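If you want the building blocks of each chain, they are given just below.
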Amino acid sequence: MSSRALITGIVADEVLDSRGNPTVKVRVVLDDGTTGETIVPSGASTGEFEAVELRDGDAARYCGKGVLKAVSNVNNEIALALRGQDVLDQRQIDQRLIALDGTESKSRLGANAILGVSLACARAAAQSQRLALFQFLGGADSHVLPVPMFNVLNGGKHAADGPDVQEFKIVPLGAPTFREAYRYGAETYHALRGVLAEMGTSTNVGDEGGFVPQLKSNLAAMDALTRAIERAGYRPGEDIAIGLDPAASSFFTDGAYRLTRDRLSLSTQDMIGYWKSWVNAYPLVSLEDPLADSDWSGFATITRELGARVQIVGDDLFVTNRKFLKRGIEEGCCNSILIKLNQIGTVTETLDTAHMAMAAGYTCLVSHRSGETSDTSIADLAVALNCGQIKSGAPARGERVAKYNRLLEIENMLGAAAVFAGRHAFSNLRLST
Ligand code: PGA
Ligand code: ZN
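These figures come from a predicted structure and were not determined experimentally. (Residues numbered from 1 in each chain as written. Chains lettered and ligands numbered in written order. Predicted model: local features only at pLDDT ≥ 70, side-chain atom pairs only at ≥ 80, totals over all residues. Heavy atoms only, no water.)

Caption draft 1: Molecular detail of the coordination of the zinc ion (ligand 2). Only Asp245 (OD), Glu288 (OE) and Asp315 (OD) from the protein reach the zinc ion (ligand 2) as donors, at distances of 2.0 to 2.2 Å. Positions of the donor residues of the zinc ion (ligand 2) along the chain correspond to the pattern D-x42-E-x26-D. You can see Glu288 sitting in strand E11 (residues 284-288) and its partner Asp315 sitting in the loop between strand E12 (311-314) and helix H9 (322-331), a full 27 residues away along the chain. (Donors = N, O, S within 2.8 Å, 3.2 Å for Na, K, Ca; no water. Helix = DSSP H or I, 4+ residues; strand = E, 2+ residues; numbered from the N terminus.)

Caption draft 2: Representation of the domain arrangement of the protein in the model. Under the domain assignment, the protein is made up of domain 1 (7-131) and domain 2 (144-426). Between the C-alpha centres of domain 1 and domain 2 the distance comes to 27 Å. On the side of domain 2, 30 residues touch domain 1, which itself brings 34 residues to the contact. When domain 1 packs against domain 2, close to 2,500 Å² is buried across both sides, 50% of that on carbon and sulfur atoms. Summed over the shared surface of domain 1 and domain 2, the result is five salt bridges. Of the charged contacts, one joins Arg91 and Asp352 as a salt bridge, the two residues approaching to 2.9 Å between their closest N and O atoms. Taken together, domain 1 and domain 2 are joined by 22 residue pairs in polar contact (both at pLDDT 80 or more). For the side of domain 1 that touches domain 2, the secondary-structure elements that each account for two or more residues are strand E3 (35-39), helix H2 (90-101) and helix H3 (111-128). Here the side of domain 1 that touches domain 2 gets seven residues from one element, more than from any other, and that element is H3. A class-by-class count of the residues in the side of domain 1 that touches domain 2 yields 13 nonpolar, 10 polar and 11 charged. (Domains from an automatic or database assignment. Contact = heavy atoms within 4.5 Å. Buried area = accessible area lost by both parts, 1.4 Å probe. Salt bridge = Lys/Arg side-chain N within 4 Å of Asp/Glu carboxyl O. Polar contact = N/O pair within 3.5 Å; in protein donor to acceptor, adjacent residues only side chain to side chain. Nonpolar A, V, L, I, M, F, W, Y, C, P; charged D, E, K, R; others polar.)

Caption draft 3: View of the sheet that holds strand E15 (residues 389-391). In space, the eight strands of this closed barrel follow the order E5-E6-E7-E11-E12-E13-E14-E15, with mixed pairing throughout. Between one strand axis and the next, the sheet turns by 25 degrees as a mean value, whatever way the strands run. Examined bridge by bridge, E12 and strand E13 (residues 336-339) share two bridges and lie parallel to one another. Counted as the bridge partner of Val313 is Ser336 from E13. (Pairing = 2+ DSSP bridges. Axes fitted to C-alpha atoms, helices over the stretch in contact; angles between N-to-C directions.)

Caption draft 4: Representation of the sheet that holds strand E9 (residues 256-259) in the model. Strand order in the open sheet formed by three strands is E8-E9-E10, with antiparallel pairing between adjacent strands. For this open sheet the edge positions go to strand E8 (252-253) and strand E10 (264-266), each flanked by a neighbour on one side alone. Direction of pairing for E9 relative to E10: antiparallel, over a ladder of three bridges. When the sheet's bridge partners are listed, Tyr257 is paired in E10 with Leu266.

Caption draft 5: Looking closely at the pattern of salt bridges. According to the stated counting rule, one finds 30 salt bridges in the structure shown. In this structure, Lys340 engages Asp315 in a salt bridge whose closest nitrogen and oxygen atoms are separated by 2.8 Å. Here the residue Lys340 occupies a position in the loop between E13 and helix H10 (341-344), and Asp315 occupies one in the loop between E12 and H9, the gap between them amounting to 25 residues. For the pair formed by Lys340 and Asp315, the shared burial category is buried. Note that Glu330 is salt-bridged to Lys326, the shortest N-O span being 2.9 Å. Highlighted residues: Glu330 and Lys326, both in helix H9, separated by four residues, approximately one helical turn. Because the salt bridges share partners, they merge into one network encompassing Glu167, Lys169, Asp245, Glu288 and Lys391. (Buried < 20%, exposed > 50% of the residue type's maximum accessible area, 1.4 Å probe, protein only.)

Caption draft 6: Looking closely at the site of ligand 1. Taken together, 14 residues sit near ligand 1, with Ala44, His158, Arg369, Ser370 and Lys391 positioned nearest. Contact distances for ligand 1 include 2.6 Å between an oxygen atom and a backbone N or O atom of Ala44. Separating an oxygen atom of ligand 1 from a side-chain N or O atom of Gln166 is a distance of 2.9 Å. Contact with the protein chains covers 100% of the free accessible surface of ligand 1, which is 280 Å². Along the lines of polarity and charge, the residues of the shell around ligand 1 split into two nonpolar, five polar and seven charged. Split by domain, the residues of the shell around ligand 1 number at least three in each of domain 1 (7-131) and domain 2 (144-426). (Near = heavy atom within 4 Å. Areas by Shrake-Rupley, 256 points an atom, 1.4 Å probe, with all protein chains shown as cover.)

Caption draft 7: Structural detail: the pairing of E3. Two elements, strand E2 (residues 22-30) and E3, share five bridges in a ladder whose sense is antiparallel. Residue Val29 lies in a different strand from E3, and its bridge partner there is Thr35. Remark: four residues form the turn of the hairpin made by E2 and E3, two consecutive strands paired antiparallel; Gly33 in that turn has positive phi of roughly 90 degrees.

Caption draft 8: Structural view of the packing of aromatic side chains. All told, the structure shown has 15 aromatic pairs when counted by the stated rule. Considering the side-chain rings of Phe178 and Tyr182, the 5.7 Å spacing of their centres and the 35 degrees angle between planes classify their relative orientation as tilted. Residue Phe178 and its partner Tyr182 are both found in helix H5 (residues 178-198); the two are separated by four residues, about one turn of the helix. The pair formed by Phe178 and Tyr182 is uniform in burial state, with each residue classed as buried. Here Trp275 and Trp278 contribute two aromatic rings whose centre-to-centre distance is 5.3 Å and whose plane-to-plane angle is 90 degrees, an arrangement assigned as edge-to-face. You can see Trp275 and its partner Trp278 sitting in helix H7 (residues 268-281), three residues apart, about one turn around the helix. Residue classification places Trp275 among the buried positions, given a relative accessible area of 1%. One aromatic cluster is present, built from ring pairs that chain together Phe150, Phe178, Tyr182 and Tyr404. (Phe/Tyr/Trp six-rings, centres within 6.5 Å; stacked < 30°, edge-to-face > 60°.)

Structure (structure tokens):
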């Protein structure tokens, strides 16, 4: 095996994601004949400061959402700049991409173009070295299988007519292995379908494969979830805990948190009180974006008041960006961060952010986007980081289970070396059970 592998070609194409919107596919070819391919995901409830996804804005094509400019940037400017570069030096590749773009938000070439190239390079490099992607990214110590957070009930921007809370997730932290956690999750998902049908509500699904019931309140969803866990034969809190992503920016308007389902309009302090009552009543281990992404002082307060009992995850608040994470660490905002490759736009910056978080005692939750594809890179990223947590939607729908199925494969590959993170993934909490 050579200690260098040079890029001979980079080719991009416009393909569709799980919502039927265009996205960027990139293929990198190396001088040793190996290739790496990836497809970039796309969010709907995006943070204000995410790296910029370049869209054509041509109303005559795909309602303005075409990505031909991003594709052309890869095929021309980026391909030219990276030809002949050593793909094994990921940091160097990513630095070149950042410098070539020249903007802080990656808006000139497009974060969708840049991430596509960065990740396809990583995949090609792994192939060239005959390593799995997680081994290339994380090295010899990568061995921790993450606890999956299955988003079984969808609301917010991912489901018209659903609850205000965007994601209700089941977290099988008491399972002995990833394979068993997957089974716990799928069985509970099916039990939930039965519980909702009995309640006389719809069991159609939302963007991430979770059900979209028309319930009278957000709290009713928590009760349905608890009943489903029990009906599937599991103990709430011990076998399966609950995680939430309210994505609160999406219902924060004109200075108030407006929960349509509950007919409530709340101040920051009242919103924190609302979550506190849920933490008291349910086995919640993860609470992501419980407040709007402009509410830094609110995040400090909720972390102080609830952070020992439930991980407070910053998604829209941090956008996988070290600059915002640094501020969060300094101001005591959150004790956990969501990690999304396309929020920041390169593999290296993603790894740097995750490492900065872990060094500060934050947990990391690796995440898909609501617009996804069959690409499984985030499964490998979670194992590479040994961070112990991943969310990829429901244990249903092709683009969601692709990641979980990849984790089954990784668990098999690792054999006796594989460790399922289980409750240790939440070691920064005082879990009551
Ligand atoms: P998005 O949602 O991919 O639509 O941003 C996921 C999340 O908010 O975590
Ligand atoms: Zn989120």
